[in-house]
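# Descriptive analysis of the structure
Here is how the chains run, residue by residue.
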Amino acid sequence: MNQHVPVSTDHGVLSDALAYAARYLDGLDSRPVAPPPEAIARLRGLGGALPDGPTDPREVLALLDGLGSPATVASAGPRYFGYVIGGALPATVGANWLATAWDQCGGLRAISPTVCAIEEIVVGWLSELLGLPSGCASAFVTGASMASFTALAAARHAVLARADWDVQSKGLYGAPPIRIVVGEEVHVTVLKALGLLGLGRDTAIRVPVDGQGRMRADALPPLDERTILCLQAGNVNTGAFDPAAEICAKAREAGAWTHVDGAFGLWAAAAPERKYLMAGFELADSWATDGHKQLNTPYDCGIALVRHPEALRDAMAATAAYLAAGEEREPTHYGPELSRRGRAVEVWAALRSLGRSGVAELVERCCRLAERFAEGLRAAGFEVLNEVVFNQVLVSFGAPERTQAVIAALQAEGTAWFGGSVWQGRTVMRISVSNWSTTERDVDLALDAIRRVAASV
Ligand SMILES: *Cc1c(COP(=O)(O)O)cnc(C)c1O
């Protein structure tokens, strides 16, 4: 067979990519998590004048690895605890490489039957795993930001349609008002999505929250069928979940559209011991989540799920003669893009390789390791500010300047990486455990580093 492969096809560059990637992954455990400043300075070597002519692809890759790899942040590794950043499961990296070789355009069935089939399979699996209704419409987008944007476009369409207003054709000029309700602790990307949709970043009624950042059900404003209510499953600081059981029932009764930002928290539903946190969220109308956080797919991957397929389709469909649609689902009619990569492939690989029990273990392990952090920090005399219900821990080292100094010193020390935040007026260090490869040993190494660095600051 092989002699039929044209001799001009040189796969050497792919073999090189494999070798560089393997060396990179093998080095994640022993290198400093933050790249050294010298490595960042050397990135200039990737630039210079635009080459006049071609360069051998293998040489290009050697340059990329030589200068690019050392300046990366080891966020794929086991001791990166900043923001909410997942790693990439081995099956998802492999699937990503293969899917990149396929180079399929995921927007249309005629261009990618494989991606379309996989999206449908994945939505079925996800709905089951996350305890959401079957028959949801979906869009595979870049992240939870775009997933909220997509779902809220469907919400905007639906609530205005109830007032006989077709927002797709008429826009918002002269439209009947919509009431937007969010918690005081709403994630900034939900506000951004509202702004992009012409609903304004600052128009929402903000519901007061409790000491963990949970929306107070007793403080809800009146809701009606022209209300979009945005709930949160997983506060980006504390990991807390809004009391959806109480709130979603009320919203349903009032006929409001409830959207859930569950970028990482939605995955609590997949872990039997954390499932209680997700009670009631299944009653919502739309959900946004990430593949690249708790599920550990590579960047970028977000998923919007919408209970009412026609609302999402009405908001997103784009028809043209050359895009003629048949009976079957065409992804482009359910999401903001036409051309895009088939990012459901990595979600499929993650779910297919982990199975139900593997996802449960992954989520539960991250939560247990967060608890281990909290216990270790308390034992060392530091103040943990949140109830550690999921994968997030907030710790203070004293005065704001001291906490900031400890964070900076830890980042420079390199054993692990943590970021800062301000939580209800307190300057804190945030710890997020989201990586599939993090072990108890990693947490203990990080705790040693925290104790050592805090003692020296
Ligand atoms: C990360 C995050 C987002 C935004 O997700 P992206 O994937 O970065 O777009 C939204 N909400 C919460 C709670 C998050 O943690």
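Everything quoted here is computed from the prediction, not taken from an experiment.

How each quantity is defined
Residues numbered from 1 in each chain as written. Predicted model: local features only at pLDDT ≥ 70, side-chain atom pairs only at ≥ 80, totals over all residues. Heavy atoms only, no water. Near = heavy atom within 4 Å. Polar contact = N/O pair within 3.5 Å; in protein donor to acceptor, adjacent residues only side chain to side chain. Areas by Shrake-Rupley, 256 points an atom, 1.4 Å probe, with all protein chains shown as cover. 1 Å grid on protein atoms, 1.4 Å probe; cavity = no way out; pocket = protein on both sides within 12 Å on 5 of 7 lines; lining within 4 Å. Sits in = over half its atoms within 2 Å of the grid points. Nonpolar A, V, L, I, M, F, W, Y, C, P; charged D, E, K, R; others polar. Domains from an automatic or database assignment. Contact = heavy atoms within 4.5 Å. Buried area = accessible area lost by both parts, 1.4 Å probe. Salt bridge = Lys/Arg side-chain N within 4 Å of Asp/Glu carboxyl O. Pairing = 2+ DSSP bridges. Helix = DSSP H or I, 4+ residues; strand = E, 2+ residues; numbered from the N terminus. Buried < 20%, exposed > 50% of the residue type's maximum accessible area, 1.4 Å probe, protein only.

## What about the site of the ligand?
For the ligand, the set of nearby residues contains 13 residues, the closest of which are S145, D261, D290, H292 and K293. Contact between the ligand and H187: a nitrogen atom at 3.5 Å from a side-chain N or O atom of the residue. K293 is positioned with one of its side-chain polar atoms (N or O) 2.9 Å from an oxygen atom of the ligand. Contact with the protein chains hides 85% of the accessible area of the ligand, taken as 380 Å² for the molecule alone. A molecule is said to occupy a pocket when more than half its atoms come within 2 Å of that pocket's grid points, and by this definition the ligand occupies the second largest pocket. Partitioned by chemical class, the residues of the shell around the ligand number four nonpolar, six polar and three charged.

## Here we look at the domain arrangement of the protein
Domain boundaries assigned for the protein yield domain 1 (12–78), domain 2 (94–350) and domain 3 (362–456). On a C-alpha basis, the centroid separation for the pair domain 1 and domain 3 is 29 Å. At the interface, nine residues of domain 1 touch ten residues of domain 3. Of the roughly 610 Å² buried at the junction of domain 1 and domain 3 (both faces included), carbon and sulfur atoms supply 45%. Viewed at the interface, domain 3 and domain 1 are joined by one salt bridge. Salt-bridge contacts for R441 lead to D29; the nearest nitrogen and oxygen are separated by 3.5 Å. At the junction of domain 1 and domain 3, the tally comes to four residue pairs in polar contact (both at pLDDT 80 or more).

## Remarks on the sheet that holds strand β9 (residues 392–396)
Taken in spatial order, the four strands make up an open sheet running β8-β9-β11-β10, and their pairing is antiparallel. In the strand order of this sheet, the two ends are held by β8 (383–384) and β10 (419–423), each with one partner. Sheet analysis places β8 next to β9, joined by two bridges and oriented antiparallel. The partner of E383 across the bridge, within β9, is S396.

## Regarding the pairing of strand β11 (residues 426–432)
In summary, the side chains of a regular strand alternate between the two faces of the sheet. In terms of residue burial, β11 counts as a mostly covered element, since six of its seven residues are buried. When β9 meets β11, the two strands line up antiparallel, connected through four bridges. Note on β11: the bridge partner recorded for V395 is M429. Pairing geometry for β10 and β11, over five bridges, is antiparallel. Looking at the pairing, G419 lines up with R430 of β11. Counting the residues that bridge the hairpin from β10 to β11 gives two residues, and of these Q424 lies at a positive phi of roughly 45°.

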